[in-house]
Amino acid sequence: MKDAPAELLSTSISMISVNPGNGDIYIATTFYNKSNGNVYRFKKDGTFVEKFDCGGQNPKAAVFFN
């Protein structure tokens, strides 16, 4: 991954999913019961795009729709 945030090296990954429409890669992390998890979005070439709060503690799935 290009420009991946350093915290991805030391956190628990709970989900990896690829958007079939555009190839973007989503990696979700969990802190179990401490706080909400985060989702990291990368372009299909691995370039980091954004990080956002998932609104829940243990993200396990992503749903893509038009």
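Just so we're clear, the structure is a prediction, and the values are computed from it rather than from any experiment.

It is worth spelling out the environment of Thr 47 at this point. In this structure, Thr 47 sits in the loop between strand S3 (38-42) and strand S4 (48-53). Each C-alpha atom, one on Thr 47 and one on Lys 2, is 4.6 Å from the other, the two residues being 45 residues apart in sequence. Beyond its immediate stretch of four places on either side in the chain, Thr 47 contacts Lys 2, Arg 41 and Phe 42. Here the side chain of Thr 47 touches Asp 45 through a polar contact of 2.8 Å, side chain to side chain.

Before going further, it helps to spend a moment on the sheet that holds S4. Strand order in the open sheet formed by 4 strands is S1-S2-S3-S4, with antiparallel pairing between adjacent strands. The open sheet has two free edges, formed respectively by strand S1 (12-18) and S4, since each of these has just one partner strand. Ignoring strand direction, the axes of neighbouring strands in this sheet form an average angle of 20 degrees. Across 5 bridges, the pairing between strand S2 (residues 25-30) and S3 is antiparallel. By the bridge assignment, Tyr 26 is partnered in S3 with Arg 41.

A word on the pattern of salt bridges. Pairs can form between side chains of opposite charge once their charged atoms are near each other. Applying the stated rule across the entire model yields 3 salt bridges. Residue Arg 41 is joined to Asp 24 by a salt bridge in which the shortest nitrogen-to-oxygen separation is 2.8 Å. Here the residue Arg 41 occupies a position in strand S3, and Asp 24 occupies one in the loop between S1 and S2, the gap between them amounting to 17 residues. Per residue, the accessibility class of Arg 41 equals that of Asp 24, and both read buried. A salt bridge links Glu 50 to Arg 41, with the nearest nitrogen and oxygen atoms 2.9 Å apart. One connected set of salt bridges, linked through shared partners, spans Asp 24, Arg 41 and Glu 50.

Calculation notes
- Residues numbered from 1 in each chain as written.
- Predicted model: local features only at pLDDT ≥ 70, side-chain atom pairs only at ≥ 80, totals over all residues.
- Heavy atoms only, no water.
- Helix = DSSP H or I, 4+ residues; strand = E, 2+ residues; numbered from the N terminus.
- Contact = heavy atoms within 4.5 Å.
- Polar contact = N/O pair within 3.5 Å; in protein donor to acceptor, adjacent residues only side chain to side chain.
- Pairing = 2+ DSSP bridges.
- Axes fitted to C-alpha atoms, helices over the stretch in contact; angles between N-to-C directions.
- Salt bridge = Lys/Arg side-chain N within 4 Å of Asp/Glu carboxyl O.
- Buried < 20%, exposed > 50% of the residue type's maximum accessible area, 1.4 Å probe, protein only.

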